[in-house]
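# Coordinates in review
One-letter residues, chain by chain:
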Amino acid sequence: MRVERNYFHNNARDGEGYGIVVDGGVYVTIEGNVFDFNRHAVAASGRAHSGYLARFNYVLEGGFKDNGSYQQHFDVHGRGAGGQYGGPAGEYFEVALNTIRGEQEYYVVKTRPAFM
């Protein structure tokens, strides 16, 4: 599957707000898109046999806070016992050659990460 040359913006929802979501059993090539004011530009469920290649995208600074902090632009959820962190997380992910402008500061010393 390919997602290319789109403008994903203003996806604001409590606990949601994703520009693109990749779920189980699919691989997606994400190229040449512009993202602004999303919780995550691209997210993945972490299910087996899934992944994404995100290249040549432009991620602007806009974003929404979730539980008091900005969330990373590119995200993959783990399938571990702790919920979203740890354990298996899909099969293959490549985030390369993107321009990311979102380094909003919060809690004085932290900035918004590009990938988690």
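Now for a quick tour of the structure. What you see is a predicted model; the values in this text were computed from it and never measured.

### Looking at the packing of aromatic side chains
The full count for this structure, using the stated rule, is two aromatic pairs. Ring centres 5.3 Å apart and planes at 15 degrees place the aromatic pair Phe8 and Phe35 in the stacked group. Residue Phe8 is located in strand β2 (residues 7-11), and its partner Phe35 is located in strand β5 (residues 34-38); the two are separated by 27 residues in the primary sequence. Overall, the relative accessible area of 1% leaves Phe35 in the buried class. Their ring planes at 75 degrees and their centres at 5.0 Å tell us that Tyr52 and Phe93 sit as a pair that is edge-to-face. With Tyr52 in strand β7 (residues 51-55) and Phe93 in strand β12 (residues 92-96), this residue pair connects regions lying 41 residues apart in the sequence.

### A word on the sheet that holds strand β1 (residues 2-4)
Strand order in the open sheet made by the four strands is β1-β4-β7-β12, with parallel pairing throughout. Since the sheet does not close on itself, it has two edges, and those belong to β1 and β12, each with one partner. Each neighbouring strand pair of the sheet contributes to a mean axis angle of 10 degrees, computed without reference to strand direction. In the sheet, strand β4 (residues 27-31) pairs with β7 via five bridges, with the strands oriented parallel. Looking at the pairing, Tyr27 lines up with Gly51 of β7.

### Considerations on the environment of Tyr70
Relative to the helices and strands, Tyr70 resides in strand β10 (residues 69-70). Its relative accessible area of 17% is what places Tyr70 among the buried residues. The spacing of Tyr70 and Asn38 is 32 residues in sequence and 9.9 Å in space, taken between C-alpha atoms.

### Some words on the nonpolar core
Ile20, Ile30, Phe35, Val42, Tyr52 and Phe74 are the most contacted members of the largest nonpolar core, which totals 15 residues. Looking at this core, the elements with two or more residues in it are β3 (18-22), β4, β6 (40-44), β7 and β11 (74-76). With three residues, the single largest contributor to this core is β6.

Rules used in this analysis
Residues numbered from 1 in each chain as written. Predicted model: local features only at pLDDT ≥ 70, side-chain atom pairs only at ≥ 80, totals over all residues. Heavy atoms only, no water. Phe/Tyr/Trp six-rings, centres within 6.5 Å; stacked < 30°, edge-to-face > 60°. Helix = DSSP H or I, 4+ residues; strand = E, 2+ residues; numbered from the N terminus. Buried < 20%, exposed > 50% of the residue type's maximum accessible area, 1.4 Å probe, protein only. Pairing = 2+ DSSP bridges. Axes fitted to C-alpha atoms, helices over the stretch in contact; angles between N-to-C directions. Core = buried A, V, L, I, M, F, W, Y, C linked by side-chain atoms within 4.5 Å.

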